[in-house]
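Examining the three-dimensional arrangement
Here are the chains, one letter per residue:
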Amino acid sequence: MCGVHFMAETAKLMSPDKKVLLPDMKAGCSLSSSITGEDVRNLKKQFPGTQKMVKQPLVSVIINCFNGEKYLKEAIDSVINQTYTNYDIYILDGGSTDHSVDIIKKYETHLKYWHSKKDKGQSDAINQGLEMCDGDIIAWINSVDTYLPDTFKLVADYFANNQSCDILYGNFYFTDSVGKILRKVKNFLSISSNLTG
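First things first, this report covers the structure right here in the doc. Fair warning: this is a prediction, and the values are worked out from it, not measured in the lab.

Procedures and definitions
Residues numbered from 1 in each chain as written. Predicted model: local features only at pLDDT ≥ 70, side-chain atom pairs only at ≥ 80, totals over all residues. Heavy atoms only, no water. Pairing = 2+ DSSP bridges. Helix = DSSP H or I, 4+ residues; strand = E, 2+ residues; numbered from the N terminus. Axes fitted to C-alpha atoms, helices over the stretch in contact; angles between N-to-C directions. Contact = heavy atoms within 4.5 Å. Phe/Tyr/Trp six-rings, centres within 6.5 Å; stacked < 30°, edge-to-face > 60°. Buried < 20%, exposed > 50% of the residue type's maximum accessible area, 1.4 Å probe, protein only. Arc of directions from axis to C-beta.

A few points about the sheet that holds strand 4 (residues 113-116)
Read from one edge to the other, the open sheet built from four strands follows the order 4-3-2-5, with strand pairing classed as parallel. In the strand order of this sheet, the two ends are held by strand 4 and strand 5 (137-142), each with one partner. Shown here is a sheet whose adjacent strand axes are inclined to one another by a mean of 15°, direction ignored. Taken together, the four bridges between strand 3 (residues 87-93) and strand 4 define a ladder with parallel strand orientation. Bridging across to strand 4, Tyr 90 finds its partner in Tyr 113. Where helix 5 (residues 122-132) meets the sheet, its contacts fall on strand 2 (59-65), strand 3, strand 4 and strand 5, and the angle it forms with strand 2 comes to roughly 155°. Along the sheet, helix 6 (residues 151-161) contacts strand 2, strand 3 and strand 5; its crossing angle with strand 5, the most-contacted strand, is approximately 145°.

Focus on the packing of aromatic side chains
For the structure shown, the criterion picks out two aromatic pairs. Ring geometry for Tyr 147 and Phe 152: centres 5.0 Å apart, planes at 65°, overall edge-to-face. No difference in accessibility class separates Tyr 147 from Phe 152, as the two residues are buried. Ring centres 5.5 Å apart and planes at 65° place the aromatic pair Phe 172 and Phe 174 in the edge-to-face group. Accessibility expressed as a relative area gives 13% for Phe 172, which makes it buried. When its relative accessible area of 38% is taken as the criterion, Phe 174 is described as partly exposed.

Some thoughts on the pairing of strand 7 (residues 172-175)
The pairing of strand 7 with strand 8 (residues 181-185) spans four bridges and is antiparallel. Residue pairing in the sheet places Tyr 173 in a bridge with Lys 184 of strand 8. In textbook terms, the turn of a hairpin is the stretch between consecutive antiparallel strands, and for strand 7 and strand 8 this stretch comprises five residues, one of which, Gly 179, has a positive phi near 90°.

A word on the environment of Met 132
Within the element layout of this structure, Met 132 appears in helix 5. Among the residues examined, Met 132 registers a relative accessible area of 31% and is labelled partly exposed. Along the sequence, Met 132 and Tyr 90 sit 42 residues apart, while their C-alpha atoms lie 8.8 Å from each other. If we ignore the near neighbours within four places in the chain, the residues touching Met 132 are Tyr 90, Leu 92 and Tyr 113.

Quick notes on helix 6
Every buried residue belonging to helix 6 is among Thr 151, Phe 152, Val 155, Ala 156 and Phe 159, and all of these are buried. Buried residues of helix 6, seen end-on, are gathered within an arc of 125° and therefore sit on one face of the element.

Set out below in structure tokens:
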């Protein structure tokens, strides 16, 4: 599976003390890293009885796109409309010839970085984004995907409360063009062996 190979290659780019989020393994939607469990434990020892002293981790979101005008707005809005507000957005467009760039320009004030230039495909665009992101959690979605409104909060809370967890991925929904849920897909794939090699 191309996605699993890509995950293994991506894991090599991250430092060994990072954590990984894979909200949608089958679609290859996202990957992220987080503050380590050791960091959280040290802060809790230093400031017992409070978690307010632990900073809200920055979520860097990569949106890769090529001729994605049909759903790109919804993908960007799904990040901007998160209940968790400490995020930045990177859009890596592969030189779209539709109206994707016009859509991106409308969101420039919300973006940390964007470009539109020819690349070697989805994995190349995501790898470019991974190299420039500086978030504590790094996630990606395709321009045809969206996040549910509480995704970043749930992920940040889960990593903070489960220090031994290194990888997260979740279920996903197939929806129609107006967002009506058609089917829920549960992921039960273990990928830990793919990231060690």
